[in-house]
Structure formats: C-alpha cells, structure tokens
Amino acid sequence: MLVSETEGITLQATVPAGLDRKEAEIYLRLDPARLPKHIAIIMDGNGRWARKRHLPRVAGHRAGVTSVRYVVECASRIGIPSLTLYAFSEENWKRRPKTEVEFLMKLLARYLKQEVPTLHKNNVRLQYIGRLHELPAFVQEKMEWARQETSRNTGMILTLALNYSARSELVDAFHSVIRAAANNGGIEHLQIDEETISRHLYTRHLADPDLVIRTSGEMRLSNFLLWQLAYAEIYVTPTLWPEFRGVHLLEGIAEYQTRERRYGGLNEAQSARGLRS
Ligand code: FPP
C-alpha cells in the first residue's frame, strides 16, 4: 500500500478492483488525486503488427479490438472520467482499399453488438464524434442502439472518433456558429471567442484531454482533436496497438504525472524567483 503525505493528510492508495498484479504495481506508483480526467488515444500499428506475423492487415484490426476491450476496462476501473479513441479517420476512408474499409465497418458493428454487456458491467457510457451521417446505415443503426443501451450508465464516457477529422470538425463548428447566430437575431451581432468555438465542437460535452497517447512510435497528431489537444501532454509509446494493454495505459499515466503542466506560465520555483527579483 502506498502512503503519501499531502498537506499533512495521509493518503492511502488502494488498488481498484479488477486490476491484475502488474497493473496494480504501476497503479500504486500513481497519485490517484492527479489522474488525467480525459485521455485520448491514437490507436496505431495494427498493420505492422500483422505484417510482423505474416498475417493480413485485417488480422491486426481484429487483434486491435481486444486491446480496445482491455484499455476501456482498465481506464474505467481506475476511475478515468473520459476516454476518447481515434478509431477511423476521414482519411482512412479515402486512402485505404475498399475491402479493408468494409472489413473495418463490419468489425465496428460486431464490436458494438458484442461489447454492450462489458460496457454495462463497467458502467461505461458510449458516444461518438465525427461525420457520423456518412457512415454506412447498418453501422449507424448499431451505433445508435449501443449509445441508447449505455445512455443511463454513470461512469466513464467512452467516445469513439469515427470518420473523424479535426479540420472537418472545425469547419462544421464554424458553420454551426453562423447558423446559431442567424437563428438568434442575425450574424451582425455575432461575437466569437474560444468559449463559443468550444461550444460548437463535437466534443462540447467533454473536458479537453489532459493526455494524448499514440502507439507504434509515430510522432504525429494525424488531424486528431487539434483544438482540444492545445495543452495536452503527449505520450508516444513504441508498443503497437494490438499489444497495448492496461499496463501500457498505466505507464502512460505514470509518465504524465512526472510532467509539469504550465499552460504557458512559469513553474513554482521560477515564479518565486520572479517575485524576488
Ligand atoms: C491504425 O492501424 C488503426 C486503424 C486505422 C483502425 C483502428 C481500429 C481498431 C483498433 C479496431 C476497431 C476499433 C473499434 C473501436 C471497434 P494501421 O492500420 O494504420 O497500422 P499501420 O500504421 O501499422 O499500418
């Protein structure tokens, strides 16, 4: 059991139910009071995982679904309020073979059908961001069904980014701002600030992510949550997505807790020096 002193109060970290031994070991190194409130993950490396095993790319995507299950369970067990997963980008549609896109659609529909009991067990509420109306009808139906089924859960919000592009999200937000103004007395009184734009993003119900994780070692944001990640800590791991498990998530959180978040300001020592000089 980890014991730490915070302003004279002794905190004892207990391990949340359901963590395995390795996860518990890392969890005990964390400060439970400073867990990220929102984690976003760019799941990458399914194709490379499959190639290393001389398997077709789709086998990597299938294995990636298992990682989704582990990561969702681990995040909800340790009490992360929001988890957002970049499942399909808008670019994926345009640049991947039709057969792979069709496979991904069927995989997503199957995931939604199979996963609802596990989401319930973990009290997870499911939602989506992206240009959802462009997805095939059979996927949209399953999405709506799974969303409604989990809508009364009160724990972690799991958001799947599907047919998502951050630039398209901004374009949609600007259209939405103008439409709202036109319906509210005309655009000549329109005032735009950061708060206005945030309110018109797909993520308007979510806090901005504190931590963004990218698997498979690539150092890019790939058009993911560009507005919302302005102050997020970035953690890149060489682990390929199909090998990513709860321990890797906890390692990312441990690294996050070593970072000093300054939001463009100074740290405490610098501020104190500044006051003296
Ligand atoms: C990136 O790997 C992954 C994707 C484009 C799809 C992500 C999908 C899953 C993890 C499975 C389905 C998810 C849900 C929520 C059901 P890549 O193919 O770009 O890998 P590579 O860069 O190694 O080729």
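Each remark here, short or long, concerns the structure printed above.
The present account deals with the structure reproduced in this document. (Residues numbered from 1 in each chain as written. Predicted model: local features only at pLDDT ≥ 70, side-chain atom pairs only at ≥ 80, totals over all residues.)

1. Comments concerning the sheet that holds strand β4 (residues 82-89)
Inference 1: Taken together, six strands build an open sheet; the order of strands is β5-β6-β4-β3-β7-β8 and the sheet is parallel. Of all strands in the sheet, those with a lone pairing partner are β5 (125-129) and β8 (233-236), marking the two edges. Direction aside, the axes of adjacent strands within the sheet are offset by 20° on average.
Inference 2: When β5 meets strand β6 (residues 157-164), the two strands line up parallel, connected through five bridges. Residue pairing for β6: glutamine 127 is matched across the bridge by threonine 159.
Inference 3: Sheet strands touched by helix α9 (residues 246-258): β7 (211-214) and β8. Its angle to β8, the strand with the most contacts, is close to 140°. (Pairing = 2+ DSSP bridges. Helix = DSSP H or I, 4+ residues; strand = E, 2+ residues; numbered from the N terminus. Axes fitted to C-alpha atoms, helices over the stretch in contact; angles between N-to-C directions. Contact = placed C-beta atoms within 7 Å.)

2. Topic: the site of the ligand
Inference 1: What surrounds the ligand is a group of 19 residues, the closest being Asn46, Gly47, Arg48, Gly64 and Tyr111.
Inference 2: Breaking the shell around the ligand down by element, the ones donating at least two residues are α2 (46-52), α3 (57-77), β4 and α5 (98-121).
Inference 3: By residue number, the principal contributor to the shell around the ligand is α3, which donates four residues. (Near = placed C-beta within 6 Å.)

3. Overview of the pairing of β6
Inference 1: With respect to burial, β6 is a largely interior element, eight of its eight residues being buried.
Inference 2: Pairing between β4 and β6: seven bridges, direction parallel. Across the sheet, the residue bridging to phenylalanine 88 is leucine 162, located in β6.
Inference 3: For the handedness criterion, the β-α-β arrangement of β5, helix α6 (residues 137-149) and β6 is classed as left-handed. (Buried ≥ 20, exposed ≤ 12 C-beta atoms within 10 Å, placed from the backbone. Right-handed = clockwise from strand over helix to strand, strands pointing away.)

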